[in-house]
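Spelled out, the chains give:
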Amino acid sequence: MYNGMVPAKQRYQSRIELLQGTLDLLILQTLQWGPRHGYGISRAIRANSNQLFQVETGSLYPALHRLERQKWIAAEWKTSEHQQRVRVYRLTVQGRKQLLTQRSRWQRFSDAVAGVLNAAGSETAG
Amino acid sequence: MKVPLWRPRQKQELDQEIRSHLEESIHERIERGASREQAEAAARREFGNVIAVTETTRDMWGWAWLDRLAQDLRYGLRMLSKHPAFTAVAVLTLALGIGANSAIFSVINAALLRPLPVAAPERLVALNNAGQQRGFPTFSYPNYRDLRDQNRTLADLIAYRFAPVSLSHAGVNQRVWGTLVSGNYFAALGVRPQLGRLIGTADDLMPDSHPVAVLSYNSWHKRFGGRRDLIGRDLIVNGRGYQVIGVAPDGFSGTETIAAPEIWFPIAMQSAIEIGADWLEQRDREPLLLQGRLKSGVTPAAAQADLNAIARRLAREFPDANQGLEIELSKAGLVGKSLRGAAVGFAALLMAVVGLVLLLACTNLANLLLARATERRQEIAVRMALGASRGRLMRQLVTESLLLAAAAGAVGLAPVLWPVQLRVQLRPPIDFPIALEVRSDPRVLLFAALLTIVTGLLFGLLPAWRATQAQVAPVLKGGEWFAGRRPSWTRGSVIVLQVALSLVLLIAGGLMLRALRQAQTLDLGFVPEHAVEVTFDLRLQGYDEARGRALQQQLVERVRELPIVQAAGLADLVPVDLHFAHLPVFIAGAAPQRSANAPVALTSRISPGYLQAMGTALLAGSDFSDHDVETSVLVAIVNQTFAERFWPGENPIGKRFSLGDPNEPKLHVVGIAQDGKYSGLGEDPKPFVYRSLWQSYSGSTSVVVRGRSGAQSMIAAVRRELRRLDPQMPIAAATPLGDRLKLALLPARIAATLLGAFALLGLVLAAVGIYGLISYAVSRRTQELGVRMALGARKRDVLRLVIGQGMRPALLGILLGWPAAFALTRLMKSVLYGVSATDPLTYIAVAALLTAVALLACYLPARRATQVDPITALRYE
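Residues numbered from 1 in each chain as written. Chains lettered and ligands numbered in written order. Predicted model: local features only at pLDDT ≥ 70, side-chain atom pairs only at ≥ 80, totals over all residues. Heavy atoms only, no water.

(A) Expanded view of the overall build of chain B. Each helix and strand in chain B was counted, giving 27 helices and 21 strands. Each of the 877 residues in chain B was classed as buried or not, and the buried ones make up 52%. Counting every atom, chain B has about 38,900 Å² of accessible surface; 59% of that belongs to carbon and sulfur. (Helix = DSSP H or I, 4+ residues; strand = E, 2+ residues; numbered from the N terminus. Buried < 20%, exposed > 50% of the residue type's maximum accessible area, 1.4 Å probe, protein only. Areas by Shrake-Rupley, 256 points an atom, 1.4 Å probe, with all protein chains shown as cover.)

(B) Examining the overall build of chain A more closely. A count of helices and strands for chain A gives five helices and five strands. Counting from the amino terminus, helix and strand elements in chain A follow one another as β-β-α-α-β-α-α-β-β-α. By the burial criterion, 37% of the 126 residues in chain A qualify as buried. Considering only residue pairs separated by 6 or more positions, chain A has 50% of its internal contacts joining residues 24 or more positions apart. (Contact = heavy atoms within 4.5 Å.)

(C) How the structure looks around the interface of chain B and chain A. Contacts between the two partners involve 20 residues from chain B and, on the opposite side, 22 residues from chain A. Between chain B and chain A, roughly 2,100 Å² of surface is buried when both sides are summed, and carbon and sulfur atoms account for 53% of that area. When the buried area of chain B at its contact with chain A is split by residue, Glu17, Glu24 and Met60 of chain B rank highest and sum to 32% of it. Taken together, chain B and chain A are joined by three salt bridges. Residue Glu28 of chain B pairs with Arg43 of chain A through a salt bridge whose shortest N-O separation is 2.1 Å. (Buried area = accessible area lost by both parts, 1.4 Å probe. Salt bridge = Lys/Arg side-chain N within 4 Å of Asp/Glu carboxyl O.)

(D) Local environment of helix α2 (residues 36–47) of chain B. An ideal rise of 1.5 Å per residue puts 16 Å on 12 residues; α2 of chain B measures up with 16 Å between its terminal C-alpha atoms. For α2 of chain B, the set of buried residues is Ala39, Ala42, Ala43 and Phe47 of chain B. One side of α2 of chain B carries all its buried residues, which in axial view fall inside an arc of 130 degrees. Away from the buried face of α2 of chain B by more than 90 degrees, exposed residues Glu37, Gln38, Arg44 and Arg45 of chain B are located. The elements touched by buried residues of α2 of chain B are α4 (57–69) of chain A together with α1 (8–31) and α3 (50–59) of chain B. (Expected span 1.5 Å × (residues − 1). Arc of directions from axis to C-beta.)

(E) Here's a closer look at the sheet that holds strand β5 (residues 85–91) of chain A. All names here are of chain A. Taken together, the three strands give an open sheet; going across it, the order is β3-β5-β4, and neighbouring strands pair in antiparallel fashion. Looking along the sheet, the strands with just one partner apiece sit at the ends: β3 (36–37) and β4 (73–79). In the sheet, β4 pairs with β5 via seven bridges, with the strands oriented antiparallel. Within the sheet, the bridge partner assigned to Ile73 lies in β5 and is Leu91. Across the sheet, helix α2 (residues 22–32) lies against β3, β4 and β5, angled at about 95 degrees from β5, the strand it touches most. (Pairing = 2+ DSSP bridges. Axes fitted to C-alpha atoms, helices over the stretch in contact; angles between N-to-C directions.)

(F) Examining the packing of helix α5 (residues 84–113) of chain B against helix α16 (residues 442–467) of chain B more closely. Residues and elements named next belong to chain B. Interaxial distance between α5 and α16 falls to 10 Å at its minimum, and their mutual angle equals 145 degrees. Regarding α5 and α16, the two cross each other, and that crossing is right-handed. On the side of α5, the interface is formed by Leu94, Ile98, Asn101, Ser102, Phe105, Ser106, Asn109 and Leu113, while α16 contributes Arg443, Val444, Phe447, Ala448, Leu451, Thr452, Thr455 and Phe459. For the contact of α5 with α16, the class distribution of residues is nine nonpolar, six polar and one charged. (Left-handed = near helix turned anticlockwise from the far one by under 90°. Nonpolar A, V, L, I, M, F, W, Y, C, P; charged D, E, K, R; others polar.)

(G) Spatial organisation of the environment of Leu127 of chain B. All names here are of chain B. The topology assignment puts Leu127 in strand β1 (residues 124–129). As for Leu127 and Gln291, which are separated by 164 residues in sequence, their C-alpha atoms are 5.7 Å apart. Look past the residues within four positions of Leu127 in its chain and what remains in contact with it is Pro137, Phe139, Leu147, Leu157, Leu290, Gln291, Gly292, Leu307, Ile327, Glu328 and Leu329.

Structure, rendered in structure tokens:
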């Protein structure tokens, strides 16, 4: 069965499973540009990852409520452009600090992974 | 901290948040040109399982477990109230089991577990005279003194002895129980007075010098109205004044758990409290119970080694009295080791029985729940399809069982919280003041709570596990999930277990009943019917030997004259009694032996006519006569066992021996009496010696009267004659002779009643279980049976098929139950009089009964199976 151009199964596999803990970082990063509701966050993550990251609601909402409990984000009820009562999340001061730490940790991690991958590549080439 | 148990607002907000997510998503799709329906469907598909998302998100709230628990509880309550019949049956079955267990446990707690009301009870140990062959673990006063002064491991060593006294109060003499205690008693126990002061070392230095008394709190209230001005006044005890120096604190009644004496006296007053007794300097008289307090850091084993070193020295120094003296330490509280062993055995038996009943109740409930699990498979499959995890569902089902167990625990515990009733029913027919305060303390409540939880898990886990094994799709399609045509192994094994359990209970109960019947035909060596005994103590009234003997002789003569009396006689002790003296026997002409090694015999002192009054047959020789007096030759009547043991194959009449000490004057055997039971109904034949009361005085005697009249009128007549001789005479006890047997049979009676009731319950539970299983199996096999009958199977074949299915696990249960019963009934030996614990008749009869009941339980559903109409059965699906 086809859905547009890509077979359903293949489309699913082309998405990348988020690493454990990465979702928190992505949510905090997304909120850095301003308050958003849950749907908005998931849409932003999808758009900014070139449709690669499809955030499951079953992961998104638990993550939001967990971050709220840790006081890294705060929530309030607002009215959306569609006249919908929505719960909007914003970054707290603590959350901003947390974002910086997590970003630098992620940076070190990805540098390290890149280093290993490049080293392996040059060895086979050499 | 606020516990947000329900969190209605937070839940609403989460629902609203998810709704708005969907709405935003739909709006966006519509803006991109989709129709409303398309947009809604796509948004929902993208969102996924709303319930699962809600649940996992709620987990993040921190109190999720509590929240879910509340949800499970509410759901559980709803399910239980929707099936009131099931709930009632389940709760009642379990309540019976939990209640019985808690009740037995609270008695055991009171008798065995609760610490004594003294400072640091864990360091208190009882000393047992292990070398002593005579029943109670007692010591002589000189040995006590040496042990106390020479040991290096005990902070204190105390001595005490229970003694009945005559208390004169408001012009009436009453017999009450007192305790003689060593001067260090209260200080060593760390007991502080409620009022005044307690007995101290200074009160116990010189014999007969300090007539002082301490009252128990209960006695002070009951007898003296709690008057504070009692302190300093004199109490008249055994006709002598004792100054009341203080009152012991509430709840303290000495260091034996079940004994509740009223007054404490210094040991130095012993000759006045136990009139005529004189054992303070006698090493071969062993009247005292000892308890020691371990020094801190000293183990019981170290203390025992230390004490035995002293004991060996004492044995070398005083070989006549002490040879073989050996001390064994035990937990304090039940007269050393002597009662503890029996009490622990009996307690273990009772706990095992009620434990089995509870296990039976659990298996039945598990069975019911398994059946219900099949009914609920639709509901469970739906919930699984909606995204509930198996763990979650199991938790839900187990919560339901725990709810049932909790309700049952509450119902079952109610009678235990009614201690008054229990205390009354437990009052045994005995002269000694027994106070077993059965009350529910935290330990009992904890036990009941643990039992409830374990029970809930026990009968809940397996059904929950089975129920959630459902495969979603076939059930929802309406097909058979539970497709097996036979009942599952789980339900079959439940039947096996049930039958085995009730077999064990029934065998135990059957043995008890046979033992009780046996006890009624037991050869007691006397005839309890148509006789009474009246006990009085002349010493308490200040009689000396000459006056006392005169009164005793007059009394017997007068009572014999009464027209309703056939025979009458006196004895210092009447069987069945634990207090018969055990004395070493020295046969004239045999090799000399030390008294510590000599064989012992029980002995009592009787007047002429006593054996006749008891209905004890004289096999040879003659009864004592009134012409046997102190100055004439000393006479004895021995029982058959005595004669056979010491003079096998000879004529014992005319033989001579001495009792107690080889240098005592020799007794001449004049008669042989039949054997009897003396200290307990379960005992083996023991050698026994009767001495003449006219030659060996005792101030405390019972007059036994046999006559044609009713017990009460005979008692009244004896009372009248006694009062005529001494108007002030306190009567210790006046009962039909058979009453003593009630006490001796009490453990057996309790065990038989409990076992009988529980065994019956077990039988009913097993029958219901088998019936339920087979009915269920038949209903599952309706179609198959219909096919078989359509193909020509006869009713007999169907009957055999169905009955065989139920009887297989039942017979397996019987086979497994036999060895289990064999193992358990060993615990009962001490209460089985004259019946072997492996009595084959009981084993076979009980198995036959169970087989019959199982057959009936199978037959009813099987007959229904034969009435299946093949056409209906085939059209069914």
